[in-house]
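This is what each chain is made of:
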Amino acid sequence: MLRRINQVLPELLFGILVYGILIQLAGIWFVKDSLHYTTGLWIGIVVAIGMAINMAIVILDTVDALSEKRSSRKASLYAVMRYIAVVSVFVIAWYFELGNLLSMFVGVMGLKVSAYLQPFTHKFFVTIQEKSIFSHKVKKR
């Protein structure tokens, strides 16, 4: 389903999750309050995943609007709403002390890291797919 929205979206989400796991494993040993660190980090990861999905949908809508020669002010509106939502999540987490805000920010930055590493993630996915396709061809013989 995610591949129908955007070809690279599953790879981007995979990268965000791997980033979250690596940051969790690396950072958990260096903080005093591991519960707040963990909850902040994973709230940030969930926000990054939500932002990635929202951006992919907005890109798809914008491309459709441009192909039909319609105005696409929707993209700007969704960008503003996306950042308002992120700031709102940070304010709610701060007010209710749900997690460490710094680790939450690090989690949200998983979107950026995953975007930069997406070419490598794509190569990994292609390699896995080629191996599975090749193994199916060998089994049929």
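Right, let's walk through the structure included here.

Cut-offs and rules
- Residues numbered from 1 in each chain as written.
- Predicted model: local features only at pLDDT ≥ 70, side-chain atom pairs only at ≥ 80, totals over all residues.
- Heavy atoms only, no water.
- Helix = DSSP H or I, 4+ residues; strand = E, 2+ residues; numbered from the N terminus.
- Rg over C-alpha atoms; globule rule 2.2 N^0.38 Å.
- Buried < 20%, exposed > 50% of the residue type's maximum accessible area, 1.4 Å probe, protein only.
- Contact = heavy atoms within 4.5 Å.
- Areas by Shrake-Rupley, 256 points an atom, 1.4 Å probe, with all protein chains shown as cover.
- Lys, Arg positive; Asp, Glu negative; His and termini not counted.
- Charge placed at Lys NZ, Arg CZ, Asp CG, Glu CD.
- Polar contact = N/O pair within 3.5 Å; in protein donor to acceptor, adjacent residues only side chain to side chain.
- Patch = residues over 30% accessible without salt bridge, like charges linked within 9 Å, V, L, I, M, F, W, Y side chains within 5 Å.
- Salt bridge = Lys/Arg side-chain N within 4 Å of Asp/Glu carboxyl O.

1. Some points on the overall build of the protein
For step 1, the next point in the chain: On a plain count of helices and strands, the protein comes out with seven helices and zero strands.
For step 2, the next point in the chain: Over its C-alpha trace the protein gives a radius of gyration of 19 Å, far above what one expects of a compact globule, namely 14 Å for 141 residues.
For step 3, the next point in the chain: Each principal axis of the C-alpha distribution contributes one length, and for the protein these read about 60 × 45 × 20 Å.
For step 4, the next point in the chain: In the protein, buried positions account for 28% of the 141 residues.
For step 5, the next point in the chain: Look at the contacts in the protein between residues 6 or more apart in sequence, and 69% of them connect residues 24 or more apart.
For step 6, the next point in the chain: Summed over its atoms, the accessible surface of the protein is roughly 10,000 Å², and 71% of this surface lies on carbon and sulfur atoms.
For step 7, the next point in the chain: Charge-centre separation for the protein: the mean point of 15 positive side chains lies 10 Å from the mean point of 7 negative side chains.

2. Considerations on the environment of Val58
For step 1, the next point in the chain: In this structure, Val58 sits in helix α3 (residues 34-67).
For step 2, the next point in the chain: Note: C-alpha distance between Val58 and Leu13 (45 residues apart in sequence) is 16 Å.
For step 3, the next point in the chain: Those residues within four positions of Val58 in sequence are excluded, and the remaining contacts are Ala75, Tyr78 and Arg82.

3. As for unusual backbone geometry
For step 1, the next point in the chain: The backbone of Glu97 shows a phi angle near 50 degrees, a positive value even though the residue is not glycine.
For step 2, the next point in the chain: Considering the arrangement of structural elements, one finds Glu97 in the loop between α4 (74-95) and α5 (101-108).
For step 3, the next point in the chain: Since its relative accessible area comes to 61%, Glu97 is described here as exposed.

4. Describing the environment of His36
For step 1, the next point in the chain: Relative to the helices and strands, His36 is located in helix α3.
For step 2, the next point in the chain: The spatial distance from the C-alpha of His36 to the C-alpha of Gly99 is 4.2 Å, given a sequence separation of 63 residues.
For step 3, the next point in the chain: Ignoring any residue separated from it by four or fewer positions in sequence, one finds His36 in contact with Glu97, Leu98, Gly99, Asn100 and Ser103.
For step 4, the next point in the chain: A polar atom in the side chain of His36 sits 3.0 Å from the backbone oxygen of Glu97.

5. Some thoughts on a nonpolar patch on the surface
For step 1, the next point in the chain: Among the surface-exposed residues, Val87, Val91, Ile92, Trp94, Tyr95, Phe96 and Leu98 lie close enough to one another that they form a single nonpolar patch of about 780 Å² accessible area.
For step 2, the next point in the chain: Note that Leu98 resides in the loop between α4 and α5.
For step 3, the next point in the chain: Judged by its relative accessible area of 41%, Leu98 falls in the partly exposed class.

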